[in-house]
Amino acid sequence: MLQLRGVNKFFADRRIFDAIDWHVRPTDRIGLCGENGAGKSTLLKLLAGRVDADGGQVQSAKGTTFGYLPQDGLEYRGRTLFAEVHSALEELLAIQAELSSLETVLAGSHESADLDRYAELQTLFEDRGGYSMEAEVGKVLGGLGFAVSDFERPCEQFSGGWQMRIALAKLLLQRPNLLLLDEPTNHLDLPARDWLEDYLCNYPYAVVLVSHDRFFLDQVVGRIVEIWHGKLTEYPGNYSKYLTTRDERVKALRAAKSQQDDEIAKTEAFISRFRYQANKAALVQSRIKQLDKVERISLPPERKKIAFSFPAPPKGGRIALELKQAGQAYGELKVLEAVDLIVEQGERIALVGPNGAGKSTLMRLLAGVEDPASGERIGGHNLAQAYFAQNQAEELNPTRDVLAELSADSPYDMVPKLRNILGSFLFSGDEVEKLVRVLSGGERNRLALAKLLLRPANLLLLDEPTNHLDLQSKQVLLDALKGYKGTIVFVSHDRYFVDQLASRVLEVGGGQVESYFGNYADFLRAKQKVGDLSHSSQRVELLVSESSAEVPQSKDDRRQTHADRKQQQRQQQKREKDLAKFESDIEKLEFELVGVELQMADPQLYQDQEQWRLVSKSHQQIKERLEENYARWEKLQESG
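What comes next is a walk through the structure. (Residues numbered from 1 in each chain as written. Predicted model: local features only at pLDDT ≥ 70, side-chain atom pairs only at ≥ 80, totals over all residues. Heavy atoms only, no water.)

**Focus: the side chain of Lys474**
Now for step 1: Summarising the element assignment, Lys474 is placed in helix α15 (residues 471–483).
Now for step 2: The exposure class assigned to Lys474 is buried, which follows from its relative accessible area of 10%.
Now for step 3: In terms of polar contacts, Lys474 uses its side chain to reach the backbone carbonyl oxygen of His212, at 2.6 Å.
Now for step 4: Sequence-distant contacts of Lys474, defined by excluding residues within four places in its chain, comprise His212, Asp213, Thr466, Leu469, Asp494 and Phe497. (Helix = DSSP H or I, 4+ residues; strand = E, 2+ residues; numbered from the N terminus. Buried < 20%, exposed > 50% of the residue type's maximum accessible area, 1.4 Å probe, protein only. Polar contact = N/O pair within 3.5 Å; in protein donor to acceptor, adjacent residues only side chain to side chain. Contact = heavy atoms within 4.5 Å.)

See the structure below:
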């Protein structure tokens with residue numbers, strides 16, 4: 001339905017795309033991946049016709065309709081929420097207006113032409129869902145987190161994140177046959193993300209998207225396109241499959257490049273040795289021509305990653321923190337009422353709930369940033385906490401440079417380590433002298449996270465620490481938190497992050513807090529059991545369909561469920577360890593096979609029959625061992 005032929009794109013003197021050829025099929029689900037600045041958003045704009053190519057062609061099939069959602073910058077005003085989103089159905093609204101006009105005409109006459117046109121329009125209106133369009137608008141708005149009480153609010157009363165939800169709602173209702181989404185989950189809470197995943201999985205047309213949400217990519221896309229060095233490389237499968245396949249590809253490329261480099265070095269040595277010998281001139285020229293024809297293998301650069309670990313926490317008591325009958329209100333608005341909560345040492349607690357439910361309020365009460373309007377907060381023995389607020393990056397001093405900002409809050413004994421800490425968060429060399437005000441959102445968040453390492457803490461309170469972080473940075477933060485020995489209470493709208501880290505989920509809403517053992521998937525199963533499917537019934541059913549077991553509700557049974565899940569995790573870790581061993585063995589055998597095949601490619605081998613027999617036997621043995629390892633590796637893969 002859409003094809004790129006030899007497309008080039010430049011920004012100033014920098015080449016973003018280098019003669020790329022690519023196509024999008026009518027039902028594709030494609031995720032774009034690559035380093036920040038690689039050109040993911042530019043590619044979406046090219047497909048949407050928002051920017052022009054500097055060479056080549058972008059061709060689309062006749063009748064292709066495009067829907068493009070940018071990362072930000074959209075704002076709606078002048079209409080109510082419902083009227084604004086309803087206006088996206090302009091074709092249906094035009095048919096409805098014409099039907100209404102014809103009804104007025106037909107009231108005074110019964111012309112055959114008018115009756116035929118009315119019947120034609122009525123059929124068209126019904127076929128395209130005209131009689132249910134108001135219900136569809138309500139369904140989409142509800143799925144994206146808008147309350148019914150919001151429908152008549154003027155659009156200008158909604159903040160930037162909600163403005164992007166309005167734009168997304170309009171796009172989904174228009175149902176273009178090529179949907180282009182740039183970070184659609186940026187402003188969505190977990191329930192809205194669950195709903196959008198389900199919606200896109202059932203979307204009947206092509207979707208191309210950019211997202212830093214790994215779980216979202218795994219659920220929605222069936223193909224990954226990596227942008228690197230001006231080229232596009234396709235990988236079948238979702239994001240997790242892409243990571244595995246990409247690593248295998250890079251390993252193979254490294255082996256091939258090493259072999260190529262050896263061959264080139266030998267050829268160049270031959271040329272240098274015999275360049276000035278007349279009797280070798282023809283051979284030298286032949287080798288020079290061979291070198292000119294070699295297509296040099298280029299390797300993707302090693303990806304820079306945040307690499308850090310949290311300081312060892314000071315020893316604390318069994319109970320890290322406690323709220324007793326705690327409540328909070330802002331004027332007439334009661335956000336939390338009579339909350340009892342005990343946070344025990346070593347727990348990893350995720351706060352979940354729709355935006356506005358009170359998650360950040362609860363975090364501020366736990367952090368002691370706000371005093372409860374009622375009840376009390378009780379810190380545990382030897383409590384040493386570190387609090388990362390949702391707007392922590394905005395608290396940085398914009399007039400300081402990166403190093404000065406970190407130094408301002410640093411204990412004296414940490415000063416010699418500051419540059420090392422900044423280096424682990426990708427601030428090195430002259431970058432430590434960049435002013436805070438010129439940093440990107442991701443850089444600001446990384447700097448704010450670096451400040452958490454300045455003082456050892458046994459309780460981390462993290463309110464959306466993954467905001468503005470790319471997929472690689474999120475993974476390294478997740479690994480660091482997994483290795484942290486203290487207690488963690490956190491809010492994140494990244495489903496993969498929550499599933500991997502949480503040992504308990506607290507659902508915040510209606511002024512109350514309810515506890516569920518396990519991660520977010522366990523939480524959804526428990527909600528399914530009690531019949532609470534308010535945020536996305538279809539999505540929850542999909543997630544729990546893999547297990548028909550009853551979900552116990554007693555405290556002891558919940559603990560048993562948690563223990564069973566831990567056992568499954570240990571089995572999964574053993575499986576992954578075995579997989580890694582087989583992959584390592586396979587890599588070694590493939591390398592051996594390449595060496596033997598190089599021997600077999602030497603014509604002189606066949607002049608020594610005994611040597612040829614030994615090499616052939618070795619070749620057959622390696623192939624058999626490879627096949628055996630591949631079979632065992634595939635069996636392990638299938639068991640997962």
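And the narrative resumes.
**Thoughts on unusual backbone geometry**
Now for step 1: The phi dihedral of Arg175 falls on the positive side, at around 50°, and the residue is not glycine.
Now for step 2: In this structure, Arg175 sits in the loop between α6 (160–174) and β6 (178–182).

**What about the state of the cysteines?**
Now for step 1: As enumerated under the stated definition, the model contains zero disulfides in all.
Now for step 2: With no disulfide partner, Cys201 has as its closest neighbouring cysteine sulfur the one in Cys33, 16 Å distant.
Now for step 3: Given a relative accessible area of 34%, Cys201 falls into the partly exposed group. (Disulfide = S-S within 2.5 Å.)

**As for the nonpolar core**
Now for step 1: With 53 residues, the main nonpolar core has Leu141, Phe146, Leu172, Leu181, Leu200 and Leu209 as its most contacted residues.
Now for step 2: The dominant element in this core, judged by the number of residues it contributes, is α6, at nine residues.
Now for step 3: Discounting chain neighbours no more than four positions away, the residues touching Leu200 are Arg29, Leu172, Leu179, Leu181, Val207, Leu209, Phe216 and Val220. (Core = buried A, V, L, I, M, F, W, Y, C linked by side-chain atoms within 4.5 Å.)

**Description of helix α11 (residues 359–367)**
Residues lying three or four places apart along an α-helix face the same way, a consequence of the helix completing one turn every 3.6 residues.
Now for step 1: Counting buried residues in α11 gives eight out of nine residues, a clear majority hidden from the surface.
Now for step 2: Among all positions of α11, only Lys359, Ser360, Thr361, Leu362, Met363, Leu365, Leu366 and Ala367 are buried.
Now for step 3: Backbone geometry just downstream of α11 places Gly368 in the positive-phi region, at approximately 80°.

**Re helix α7 (residues 190–201)**
Now for step 1: For α7, built from 12 residues, the straight-helix expectation of 16 Å at 1.5 Å per residue is met to within 8% by its first-to-last C-alpha distance of 16 Å.
Now for step 2: The buried fraction of α7 is high, at 11 of 12 residues.
Now for step 3: Of all the residues in α7, the buried ones are Leu190, Pro191, Ala192, Arg193, Asp194, Trp195, Leu196, Glu197, Asp198, Tyr199 and Leu200.
Now for step 4: The opening residue of α7 is Asp189, an N-cap whose side-chain oxygen sits 3.0 Å from the backbone nitrogen of Ala192. (Expected span 1.5 Å × (residues − 1).)

**Side note on the sheet that holds strand β11 (residues 333–344)**
Now for step 1: Read from one edge to the other, the open sheet built from three strands follows the order β11-β10-β13, with strand pairing classed as antiparallel. Edge positions in the sheet fall to β11 and β13 (374–379), since each of these pairs with one other strand and no more. The mean angle between the axes of side-by-side strands here comes to 15°, regardless of whether they run parallel or antiparallel.
Now for step 2: The pairing of strand β10 (residues 319–330) with β11 spans eight bridges and is classified as antiparallel. For Ile319, the partnering residue across the bridge sits in β11 and is Glu344.
Now for step 3: α11 rests against β10, β11 and β13 of the sheet, and its axis sits at about 125° to β10. (Pairing = 2+ DSSP bridges. Axes fitted to C-alpha atoms, helices over the stretch in contact; angles between N-to-C directions.)

**Thoughts on the packing of α6 against α7**
Now for step 1: Running from amino to carboxyl end, α6 crosses α7 at an angle of 20°, the nearest separation of the two axes being 13 Å. By the angle between their axes, α6 is roughly parallel relative to α7. In the packing of α6 onto α7, the handedness of the crossing is left-handed. Residues Arg165, Leu168 and Leu172 of α6 lie in contact with α7, whose contacting residues are Ala192, Trp195, Leu196, Tyr199 and Leu200.
Now for step 2: In terms of residue class, the contact of α6 with α7 is built from seven nonpolar, no polar and one charged. (Parallel < 35°, antiparallel > 145°, perpendicular 65-115°, else oblique. Left-handed = near helix turned anticlockwise from the far one by under 90°. Nonpolar A, V, L, I, M, F, W, Y, C, P; charged D, E, K, R; others polar.)

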